[in-house]
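Listed below, chain by chain, are the residues.
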Amino acid sequence: MGTKRKTLFFAFFLLLSSAHSFYLPGVAPRDFQRGDPLYVKVNKLSSTKTQLPYDYYFLNYCKPPKIVNNAENLGEVLRGDRIENSVYTFEMREDQPCKVVCRIKLDAESTKNFKEKIDDEYRVNMILDNLPVAVLRQRRDGSQSTTYEHGFRVGFKGNYAGSKEKYFINNHLSFRVMFHKDTETDAARIVGFEVTPNSINHEYKDWDEKNPQVTTCNKDTKNLVPGSTVPQEVDLGKEVVFTYDVTFKESDIKWASRWDTYLLMNDDQIHWFSIINSLMIVLFLSGMVAMIMMRTLYKDISNYNQLETQDEAQEETGWKLVHGDVFRAPNNYGLLCVYVGTGVQIFAMTLVTMIFALLGFLSPSNRGGLMTAMVLLWVFMGIFAGYSSARLYKMFKGTEWKRNTLKTAFMFPGVLFVIFFVLNALIWGEQSSGAVPFGTMIALVCLWFGISVPLVFVGSYLGFKKPAIEDPVKTNKIPRQIPEQAWYMKPLFSILIGGILPFGAVFIELFFILTSIWLNQFYYIFGFLFIVFIILIITCAEITIVLCYFQLCSEDYYWWWRSYLTAGSSAFYLFLYSIFYFFTKLEITKLVSGILYFGYMVIVSYAFFVLTGTIGFYACFWFVRKIYSSVKID
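An account of the accompanying structure is given in this report. Computed from a predicted structure; not experimentally measured.

1. Side note on the overall build of the protein
Of regular secondary structure, the protein possesses 15 helices and 13 strands. Counting only residues that meet the buried cut, the protein has 50% of its 634 residues in that class. Once local pairs closer than 6 in sequence are excluded, the contacts in the protein between residues at least 24 apart make up 80%. Put simply, the protein shows about 31200 Å² of open surface, and 60% of that area lies on carbon and sulfur atoms.

Following this line, the structure appears as C-alpha cells:
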C-alpha cells in the first residue's frame, strides 16, 4: 500500500510540473494543405543588455506595402510586443531556395541604428502560426540534446580578411519549418520554426525590380554559390540585399507537444531541490508551532483555568497578563486596514492566476495571456479588498469609513501607477516600443476608476453591513506599561529575523522567475510555482505565530503592526536578492535600463511585502483570538 501511495504522490507532482505539454484550452490547431500560404509575422527587437524592446521596423528592414499591427490583447501591449506583418511569405511544403526580398541603401541614420543594435546584441523575433522563430544551439556539456535560442541576432562585429573590426548584418535567413502530417487527410500542422542567419555580400548584374536576381545564388540549384560568403558590412552608403530560403521537414513531434523544445529546461533537479529545501523549512516551523500549541500553550491554558484565587493570578506571568490590552486598537489602524485589504486583493489575484496557469490557459503560446489575466483579476478582486478592509475597520470602531474605502481603492494602485508612469516616460524618451501607448494608459485608468474603485466601495458596503467582530476579552481603559525588552525581542531585530525564512522558501524559484523576466526566457513550470506559493503561505503564517507568541510572553502587546511587518520583511530580502542578481547575472550597461530594472523590482517587492504581510497578519490574528478565547478571564 505504501508503494502505491508513493507512486500516486510522484505522479501528481509530475502532472503538475509537466502541465505545459497538454492540449492547451483556447489555442486551436490549424491544418494546412500543400501550397497554402504561410505568413510570417515580425515581433519586437529585444536585448537582455538594455531591456528596451524596439519595433522591428525601427531598423531599416524590408517593409510590406502596408504595415498592420496584430496585437491581440492588453498583455501583449504591456509586455512591449509589437506584432506586425512582414514581407516573408511561404507556401506550405514548397521549398523556396534563395528568394530576394529587397535591396536597401544605408543612409546615416540607418547605419547608426544598425550599429547600435549590433553593439547591444539585439535579437529579431518572428512568429509563424503562433510559434516564435528560434536558432538551434548545441548544448555546451557535449550531450546530443539541442536547445533553442529565441530569435536571431541583428548582426555581429568581427574582422574580415585582416581588416579592423567592422559591423556585419545578418541579411540572409535560412528558415526551416517542421510539420507533422496527418496520414489520412494529407493535411499538416506546423510544429517547429527554426532559422539560421547568415551575412552575405550579395552581387548582381542588373537589378530588375519585378524579378530581382543575384549572382551569389546558383541559377540552377538556386542555392548559395560556394565561396560567395563574403559578409555584408554595415557602413554609410553600402547597399544591402535581403534574401531568404525555406525548407520544410516532416517531424514526429505532435502539435500538442510542439512547445516542449522551446520550454526545455534541464534543471528540474534544481526545482525539486527548491521544493525539498522549502518543505524542510516548513517542517521545522511546523514542529515549533506544534510544540508551542500542544505543549506550552495547552499547559499555560490549563494552569490559568485552574487558578482559583486572585493572588495566584497576580503571581502569574506571561501572555495572560496582557489580556486587557492585546485587542487595543493600534496606532494608525486605518492604514493597517488599507494594507490588509490590499493584501487580500493581491492574494486572491495571485491564487486565481495560478489556478488558471495550472490548467494551461496562460501557457506561453497564449502570448500576453498571463499579464492580461493579472490586470483583469486585480481589477475584479477589488470587492475583496473593500470587504476585508471594512470588516477590520469596523472592529477597530473606526468612523470615517468613506475615507478608509478611498484609501483602499487608491493607495496601493496609486503608488504603482506613479512608478509605472515615470518608468514609461523614460522608455518613451528612448523611443522604445516597450512604452505603453497613451490609449492603453487611458484604458488602464478606466479599468481602475470604472471597475476596481466601484467594486472596492461595494465590498466596503457589504463589510460594514456585517456585525462587528467581537473581541474574546474586554480591553482595559488604561494601557498597561510594557516592561523593558531583551535585545532579541526588540521590534527591528525580530521583524528582520521573521522575513528570512519566507524568503528562504522561495528564493530558488525566484531565480527562475527573474531569469524569465529579464533574460527573455519562457517561464512555464506553474506546478512547481503553485507548490512554492503554498509553502510560502504556511511559512509566513507559522513564523509570525511563533514570534508573536514570544512577544506576548514577554508582555509586549503591540502585535498588530509587528505581525504584518514580520512576514512582510521578506520583501526586503527579495529586493536585496534582486540587487545581487543585477550585478551577477545581467549585463545591463545603460543608465535608463538600470533605472527600469530597479523600478520594476521596487514594484514587485512592494507587492510581495503587502501579500506576505497580510498572510502573517491574518495568521497572527487567528492565533491571538484563539488563545485568549480559551482561557477564563475574571
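2. A word on the packing of aromatic side chains
Considering all chains together, one arrives at 57 aromatic pairs under this definition. An angle of 70° between the planes, with centres 5.7 Å apart, marks the rings of Tyr54 and Tyr122 as edge-to-face. Residue Tyr54 is located in the loop between β1 (37-46) and α2 (74-79), and its partner Tyr122 is located in the loop between α3 (108-119) and β4 (123-128); the two are separated by 68 residues in the primary sequence. Comparing Tyr54 with Tyr122 shows no difference in burial state: the two are buried. With a centroid separation of 4.1 Å and an interplanar angle of 25°, the aromatic rings of Trp559 and Trp560 are classed as stacked.

3. Here we look at the environment of Lys466
As for its position among the elements, Lys466 is in the loop between α10 (438-465) and α11 (491-518). With 75 residues separating them along the chain, Lys466 and Arg391 place their C-alpha atoms 7.6 Å apart.

4. Points about the pairing of β4
Within a regular strand, side chains alternate between the sheet's two faces. Burial runs high along β4: six of the six residues are buried. By the alternation rule, side chains of β4 split into Arg123, Asn125 and Ile127 and Val124, Met126 and Leu128, which are all buried. Two strands pair when backbone bridges link them, and β1 and β4 are joined in this way by four bridges, in the antiparallel orientation. Paired with Val42 across the strands is Met126, a residue of β4. Here two bridges tie β4 to strand β5 (residues 131-132), and the two strands are oriented antiparallel to one another. Among the inter-strand pairings, Leu128 is bridged to a residue of β5, identified as Leu131.

5. Description of the side chain of Thr408
Relative to the helices and strands, Thr408 is located in helix α9 (residues 401-429). Look at Thr408 and you get buried, because its relative accessible area is 2%. In this structure the side chain of Thr408 is engaged in a polar contact, spanning 3.1 Å, whose partner is the side chain of Ser389. Sequence-distant contacts of Thr408, defined by excluding residues within four places in its chain, comprise Val338, Thr342, Ala385, Gly386, Ser389 and Val456.

6. Some remarks on the state of the cysteines
Under the definition given, this model contains one disulfide. Here Cys62 pairs with Cys102 through a disulfide, and the sulfurs are 1.9 Å apart. Because the torsion about its S-S bond is -80°, the bridge between Cys62 and Cys102 counts as left-handed. Remark: Cys102 occurs in strand β3 (residues 96-105) and Cys62 occurs in the loop between β1 and α2; sequence separation between them is 40 residues. Per residue, the accessibility class of Cys62 equals that of Cys102, and both read buried. The cysteine Cys553 is free of any disulfide, with Cys548 supplying the nearest cysteine sulfur at 9.5 Å. Its relative accessible area of 29% is what places Cys553 among the partly exposed residues.

About the cut-offs
- Residues numbered from 1 in each chain as written.
- Predicted model: local features only at pLDDT ≥ 70, side-chain atom pairs only at ≥ 80, totals over all residues.
- Heavy atoms only, no water.
- Helix = DSSP H or I, 4+ residues; strand = E, 2+ residues; numbered from the N terminus.
- Buried < 20%, exposed > 50% of the residue type's maximum accessible area, 1.4 Å probe, protein only.
- Contact = heavy atoms within 4.5 Å.
- Areas by Shrake-Rupley, 256 points an atom, 1.4 Å probe, with all protein chains shown as cover.
- Phe/Tyr/Trp six-rings, centres within 6.5 Å; stacked < 30°, edge-to-face > 60°.
- Pairing = 2+ DSSP bridges.
- Polar contact = N/O pair within 3.5 Å; in protein donor to acceptor, adjacent residues only side chain to side chain.
- Disulfide = S-S within 2.5 Å.

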